[in-house]
Amino acid sequence: MKCVVIGAGINGLSTAIWLQRFGHDVTLVDRSEPGAGTSYGNAGILAAGAVLPVTVPGLITKIPKMVLSKHSPLFLRWRYLPRLLPFLMKYLSFGTKKHVSHFAQEMSYLLGDSYDQHMALAQGTGAAQFIHPDDYCHGYDSQAALDADMPAIAFRRALGYQIDIETGAEFAKTDPFHQGNFSHVARHKNHGRISDPLAYSRALFDHFLDQGGAFRKACVSDVVIAHGEIECVHSDHGPITADQYVFTLGPWVQDISKQLGLSIPLESEGGYHVELINPSMMPKLPVMISAGKFVITPMEGRIRLAGLLEFAGLDAPDNPKAVDYLTRHIAKYLPHVRYDDMKVWHGFRPTTANSYPVIGRPAHLSNAHVGFGHQHIGLTAGPKTGRILAEMISNRPVNKNLSVFDPNQYRAMGVEVT
Ligand SMILES: Cc1cc2nc3c(=O)[nH]c(=O)nc-3n(C[C@H](O)[C@H](O)[C@H](O)COP(=O)(O)OP(=O)(O)OC[C@H]3O[C@@H](n4cnc5c(N)ncnc54)[C@H](O)[C@@H]3O)c2cc1C
């Protein structure tokens, strides 16, 4: 079958490679370089245990204080609030114990074997060298901060995740880079790290081309639908036709999603990284700074500090306060590190109201599939998402009820997106 995958981030690349492995003739389409969107700037964590949504119970009461504090990792552009509000209300309504518990169960399926899924995708390709089987560490400034996180740790342990607690001094024996930084460290075992997300995507893309895949650099604008199927998509480089179409457009999916007849409340959650180029010291393991909600990750030739959460829309310029927030923490957690240069990046996580990624086929279209909405865990879940989509398209059995990822669920609930 002739398949077109539109959007070449980690979700699109993974889908294209698995489709190819299942014997299809695949073309990838992207308006930019493959892997250069959100999949470029992330913290590089294969966060198998990231099964808790942002919207935990009690968040709603903390938000006003958080957006007003300059010590909080949450940012909001007030001018954007009227546009954000309908989504925000739906989003926060999912901050219930029931939703969190259900979400964690379902997301364990998508995330739990992420290291193996990445290896299965990349084994035998130039991309495998960037996958590292590291613990994902969470560093706490005080015993009280660790105690406050213990319910989340206990929750993950109950789902089968192994988490070992060490004192900061014990951890520093493994990773002297963090000497004196933490009171305690929770080591989330058997996770993983991508040491260069862009190089990883490029290597996957090279493998896709080597296996006979085609690439078209084009920006897709319109979908032409007739008789329950897509006839073609229009792009700035002319029409594109195929037997099957997959849309993996990351945070930029909303317009096309509506054209596909989907009604999915989606927002972009801004995020930032700063990179210290050619640092004088390198950490061994990735560490989430619990107090700051950002991650310090060792990458090839640089250290990346990535995270934060900003509601400001896809067109928002860089927020100097967010950049300042990260750079202030360099002085606190990396005081002895010298480096040649510092680079700043600002990107957008695609997030649905219930935080579930959207994976599947719009019910009324026979030849379209979508894969988006992977919020904070898209790098982790990309290979499995791609495999699931390729299996669906190839009519291979997927041994799991995937209804929580179903693109049609919001319309079924009567949700209209404005
Ligand atoms: C600061 C930050 C840190 C993060 N850290 C992590 C982490 O440690 N671990 C983790 O698992 N996840 C992390 N994430 C989330 C993760 O990066 C995303 O969920 C993931 O990259 C989304 O991948 P994607 O393929 O869906 O989208 P993208 O990578 O954004 O790809 C979408 C592609 O579609 C293309 N495109 C868009 N519109 C069009 C169009 N009209 N025509 C043609 N092409 C188009 C774009 O050019 C782009 O290449 C982080 C995100 C941020 C912002």
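All of these numbers come straight from a predicted model, not from anything done at the bench.

Chemist: Go over the overall build of the chain with me, naming the residues and quoting the values.
Modeler: If you tally the helices and strands in the chain, you get 13 helices and 19 strands. Computed over C-alpha atoms, the radius of gyration of the chain comes to 21 Å, within 12% of the 22 Å expected from 2.2 N^0.38 for 418 residues, which places it in the range of a compact globule. In terms of its C-alpha atoms, the chain occupies a principal-axis envelope of roughly 65 × 45 × 40 Å. The buried share among the 418 residues of the chain stands at 47%. Here the contacts in the chain between residues at least 6 apart in sequence split such that 77% fall between residues at least 24 apart.

Chemist: Report on the sheet that holds strand β12 (residues 244-247), specifying residues and quantitative values.
Modeler: Pairing within the open sheet is mixed, and its six strands lie in the order β9-β2-β1-β12-β19-β18. Either end of the sheet is taken by a strand with one partner, and the two such strands are β9 (214-217) and β18 (358-360). Across this sheet, the average inter-strand angle for adjacent strands is 20 degrees, counted without regard to direction. Of the pairings in the sheet, the one linking β12 to strand β19 (residues 368-372) comprises three bridges and is parallel in character. Across the sheet, the residue bridging to Val246 is His369, located in β19.

Chemist: Tell me about the pairing of β19, and name the residues and values.
Modeler: Counting buried positions over the five residues of β19 gives five, a clear majority of the element. A two-sided burial pattern is seen for β19, the buried positions comprising Ala368, Val370 and Phe372 on one face and His369 and Gly371 on the other. Relative to β19, β18 is paired through three bridges, and the arrangement is antiparallel. Paired with Gly360 across the bridge in β19 is Val370.

Chemist: Lay out the site of the ligand in plain terms, naming residues and giving numbers.
Modeler: Taken together, 41 residues lie near the ligand, and Gly9, Gly37, Gly250, Gly271 and Gly378 sit nearest. When residues of the shell around the ligand are traced back to their parent elements, those giving at least two are α1 (10-21), β2 (25-30), α2 (38-41), β13 (266-277), β16 (302-311), β17 (341-352) and α12 (378-393). For the shell around the ligand, a count of residues per class yields 17 nonpolar, 21 polar and three charged.

Chemist: Please set out the environment of Phe171 residue by residue, giving values where relevant.
Modeler: As for its placement among the helices and strands, Phe171 is situated in helix α8 (residues 168-174). Taking the number of C-beta atoms within 10 Å as the measure of exposure, Phe171 has 23 and is therefore buried. Taking the C-alpha atoms as reference points, Phe171 and Val185, 14 residues apart in sequence, are found 6.8 Å from one another. Each residue touching Phe171, except ones within four places of it in the same chain, is listed here: Glu166, His178, Phe182 and Val185.

Cut-offs and rules
- Residues numbered from 1 in each chain as written.
- Predicted model: local features only at pLDDT ≥ 70, side-chain atom pairs only at ≥ 80, totals over all residues.
- Helix = DSSP H or I, 4+ residues; strand = E, 2+ residues; numbered from the N terminus.
- Rg over C-alpha atoms; globule rule 2.2 N^0.38 Å.
- Buried ≥ 20, exposed ≤ 12 C-beta atoms within 10 Å, placed from the backbone.
- Contact = placed C-beta atoms within 7 Å.
- Pairing = 2+ DSSP bridges.
- Axes fitted to C-alpha atoms, helices over the stretch in contact; angles between N-to-C directions.
- Near = placed C-beta within 6 Å.
- Nonpolar A, V, L, I, M, F, W, Y, C, P; charged D, E, K, R; others polar.

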